[in-house]
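# Residue-level structure breakdown
The lines below spell out each chain.
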Amino acid sequence: LTLIGSRRTGSPGAMAFPPPPSYLASTAAPGYPVSQPPPPSAPPPSEFPPIADIAESLRDGLGLEGNIAEVIDTAAAQLGIKENTLIGKAHACHTALYGGDATGGRTVVLPSGPGGPHASAAASASPPDPVVTRPNVEASAAAVATPSGGLPTTEDIQGCWGCFCFPIFSALYQKRAISEDLLQHTGCCFIGPVPLCPFNETWRRDGSSGRFTKDGSSFEYYKNGACSCSGLSCARQFCHQSTERVDTADAEGCWTCFCLPICCAIYNKDRVDDNTMRHHGCCFVGPVPLCPFDEQWVRSGETNGFVKKGDNPHEVDMYFGSKCVFHGVSCSRKCC
């Protein structure tokens, strides 16, 4: 008590007390009472969607199957990602597919907090819940930018392709644009007429050139969107994949189909309605008629894929336009 009284009277023997805490100083954050420290700023929300949404995007974008871990591990292997953790692989794959936009084309509304990086002075109501919309891979593939120098875009390249590799190797496959610098190749290799192995590969543009690489050592060179060369092999685009909705009336006519190694068909397609086609004709093994057929094929959702009524929904006739169809190891063309 004596010491306190001494301090109050300015006595030379007064004890020097420690300075008050910083939150009691005149620089205390406005809007908070000086009797308690202001709460820390809320940490910034993650720039990436949940890992389950990332895995679903990779399933759609790269045509993968499996659980979350299997999809992310497979995508990381295809894209050359060297991260060790699952979440690190997921974020790196997401960035690789969607560039600098970590949300991958998603619309994300992030909540604001007092003093946080997303705070808004005009915001008075409670922040909305996060709203996430999944990316439209087909639409983003159609909107890719043209590389410098007039080189073909991945949208120019996507379609049904055939490849011949000296002396007896060949392939029939689909190329699909994932982004302006990524292509997905899906199909089957052959030795002569014998199917060798299916494949699903991701090829990345090498810089801003017309060269694409699968693993840093295998390269494919494009002079235009319809032809490519790689070592002893040369590949040719049979038909370009359009992103516009195919009208069943435009697809009516006489068609031929070739299915490796030695099967083929000749048949008519008739429009039933906007979403249904009737196929009727005959299949052949070599020159020998095998069996007649009369089938109905129905559009799958709002896509250009059609499935046979009553058959496996995963067996899809994918229209690359009104005159060309790709289906597994078969390719069909409209004759007239």
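Let us look at the structure shown here. (Residues numbered from 1 in each chain as written. Predicted model: local features only at pLDDT ≥ 70, side-chain atom pairs only at ≥ 80, totals over all residues. Heavy atoms only, no water.)

### A look at the packing of helix α2 (residues 51–62) against helix α4 (residues 86–98)
Axis separation between α2 and α4 bottoms out at 10 Å; the angle between their running directions is 45°. It follows that α2 is oblique to α4 by the angle criterion. Judged by the twist between their axes, the crossing of α2 over α4 is left-handed. Note on element contacts: α4 touches α2 through Leu 86, Ile 87, Ala 90, His 91, Cys 93, His 94, Leu 97 and Tyr 98, opposite Ile 51, Ile 54, Ser 57, Leu 58 and Leu 62. (Axes fitted to C-alpha atoms, helices over the stretch in contact; angles between N-to-C directions. Helix = DSSP H or I, 4+ residues; strand = E, 2+ residues; numbered from the N terminus. Parallel < 35°, antiparallel > 145°, perpendicular 65-115°, else oblique. Left-handed = near helix turned anticlockwise from the far one by under 90°. Contact = heavy atoms within 4.5 Å.)

### Some points on the packing of aromatic side chains
Under the criterion given, the structure shown has 7 aromatic pairs. Between Trp 161 and Tyr 222 the ring centres are 6.0 Å apart and the planes differ by 85°, which places this aromatic pair in the edge-to-face class. Within this pair, whereas Trp 161 is found in strand β1 (residues 159–165), its partner Tyr 222 is found in strand β6 (residues 219–224), the two being separated by 61 residues in sequence. Each member of the pair Trp 161 and Tyr 222 is classed as buried. These aromatic residues form a ring-pair network of at least three members: Trp 161, Phe 212 and Tyr 222. For the cation-ring pair, Lys 175 lies above Trp 161, with the distance from its terminal atom to the ring centre recorded as 3.6 Å. Note that Arg 211 overlies the ring of Phe 219, its terminal NZ or CZ placed 4.0 Å from the centroid. (Phe/Tyr/Trp six-rings, centres within 6.5 Å; stacked < 30°, edge-to-face > 60°. Buried < 20%, exposed > 50% of the residue type's maximum accessible area, 1.4 Å probe, protein only. Lys NZ or Arg CZ within 6 Å of the ring centre and 35° of its normal.)

### Some points on α2
Over its 12 residues, α2 runs 16 Å from end to end, which matches the ideal 16 Å to within 8%, given 1.5 Å per residue. Residues of α2 that are buried: Ile 54, Ala 55, Ser 57, Leu 58, Gly 61 and Leu 62. Buried positions in α2, seen along its axis, are confined to an arc of 160° and lie on one side of it. One or two positions beyond α2, positive phi appears at Gly 63, with a value near 70°. (Expected span 1.5 Å × (residues − 1). Arc of directions from axis to C-beta.)

### Here we look at the pairing of strand β12 (residues 288–299)
Sheet topology note: the strand β11 (residues 276–285)/β12 ladder contains 10 bridges and is antiparallel. Note that in β12 the partner of His 279 across the bridge is Glu 295. Connecting the antiparallel pair β11 and β12 is a turn made up of 2 residues, with Gly 286 showing a positive phi of about 65°. Note: β12 against strand β13 (residues 305–308), 3 bridges, orientation antiparallel. Paired with Arg 299 across the strands is Phe 306, a residue of β13. Where β12 folds back on β13, the antiparallel hairpin that results is connected by 5 residues, among which Gly 301 adopts a positive phi of roughly 60°. (Pairing = 2+ DSSP bridges.)

### Structural notes on the pairing of β1
Burial analysis of β1 places 5 of its 7 residues in the buried class, the great majority of the element. Where β1 meets strand β8 (residues 233–240), 7 bridges bridge the pair, whose relative direction is antiparallel. Opposite Cys 163, over in β8, you have Ala 235 as the bridge partner. Two successive antiparallel strands, β1 and strand β2 (residues 169–179), enclose a turn made up of 3 residues.

### Focus on the state of the cysteines
Throughout the structure, instances matching the rule amount to 1 disulfide. Each sulfur in the disulfide pair Cys 239 and Cys 324 lies 1.7 Å from the other. Because the sign of the S-S torsion sets the handedness, a value of about -45° for the bond joining Cys 239 and Cys 324 places this disulfide among the left-handed ones. Of this pair, Cys 239 sits in strand β8 while Cys 324 sits in strand β15 (residues 324–327); the two residues are 85 residues apart in sequence, bridging distant segments of the chain. As far as burial versus exposure is concerned, Cys 239 and Cys 324 are alike and both buried. (Disulfide = S-S within 2.5 Å.)

### Here we look at the sheet that holds β6
Taken in spatial order, the 8 strands close into a barrel running β1-β2-β3-β4-β5-β6-β7-β8, and their pairing is antiparallel. Across the sheet, the mean angle from the axis of one strand to that of its neighbour is 30°, orientation sign disregarded.

### Thoughts on the environment of Val 298
By secondary structure assignment, the location of Val 298 is in strand β12. When the C-alpha atoms of Val 298 and Arg 278 are compared, they prove to be 9.0 Å apart, with 20 residues separating the residues in sequence.

### Here's the deal with the packing of helix α3 (residues 68–79) against α4
The contact between α3 and α4 brings their axes to 9 Å, and the two run at 55°. One way to sum up the angle between α3 and α4 is to call them oblique. Read as a crossing pair, α3 and α4 show a hand that is left-handed. Each of Ala 69, Ile 72, Asp 73, Ala 75, Ala 76 and Leu 79 in α3 lies in contact with α4, whose residues at this interface are Leu 86, Lys 89, Ala 90, Cys 93, Ala 96 and Leu 97.

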